[in-house]
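Fold and contact review
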Amino acid sequence: QPAVNGAAYDAYLRGIYIGRRASVQQAARGAEDSAIAYLDQAVELDPRFALPHTAIAQILTSRFFNYDPNPAWEERAFVEIEKALALDPNLAEAYQQKGNLTWTKANGFPHDVAVRLHRKAAALKPSFVDPHASLGSIYMHVGLLDRALAEYDTALTLDPTTTFVPPRIARIHWYQGKYEESL
């Protein structure tokens, strides 16, 4: 990342912290709105800072996908992703969020498009866990369980503390009839 205004970076960190806590609490819309306010502040303080746009898109995508399919959330998330890519066309986080937003029920779960976007994110930032976790979910969704396990294993290698991946690995083992491994 280019040099970022310190106050903007602080607002960004506060926004992603609150946003992540909101996603753990489920349907914590007030917290999500607070997180977005911090992220908007980060953009106001440093208009060249691309990451807050992707964080806003992540919150809105989660809201849209998980509990409020209001087209306004999807539309703003796409706008935020495009703003991030205009600032940094090689921003892995933007491609990751674009893949997540593309792969929704409202968009018909276009697996090939989402896979391509997540692969691009992983190629741009090899240490980035999220594209591998997302690819694992897509592959599990379409029944490519061995490919899903490979992506989840990569995600766990990159971040052994992730709480998203282990239950999904257990689910795949259960689907495969490997009940002991699932436990």
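Overview of the structure. (Residues numbered from 1 in each chain as written. Predicted model: local features only at pLDDT ≥ 70, side-chain atom pairs only at ≥ 80, totals over all residues. Heavy atoms only, no water.)

**Regarding the packing of aromatic side chains**
Counted according to the given criterion, the structure contains six aromatic pairs. Look at Tyr9 and Tyr12: their rings are 5.9 Å apart centre to centre, the planes differ by 35°, and that puts the pair in the tilted class. With a gap of three residues between them, Tyr9 and Tyr12 both fall in helix α1 (residues 6-25), about one helical turn apart. A relative accessible area of 40% means that Tyr9 is categorised as partly exposed. The class for Tyr12 is buried, based on a relative accessible area of 10%. With a centroid separation of 6.1 Å and an interplanar angle of 40°, the aromatic rings of Tyr9 and Phe49 are classed as tilted. You can see Tyr9 sitting in helix α1 and its partner Phe49 sitting in the loop between α2 (29-45) and α3 (51-66), a full 40 residues away along the chain. (Phe/Tyr/Trp six-rings, centres within 6.5 Å; stacked < 30°, edge-to-face > 60°. Helix = DSSP H or I, 4+ residues; strand = E, 2+ residues; numbered from the N terminus. Buried < 20%, exposed > 50% of the residue type's maximum accessible area, 1.4 Å probe, protein only.)

**Describing the side chain of His132**
Residue placement: His132 occurs in helix α7 (residues 129-141). With relative accessibility at 11%, the residue His132 sits in the buried group. Contacts of His132, omitting those with residues within four sequence positions, involve Ala122, Pro126, Glu151, Thr154, Ala155 and Leu158. (Contact = heavy atoms within 4.5 Å.)

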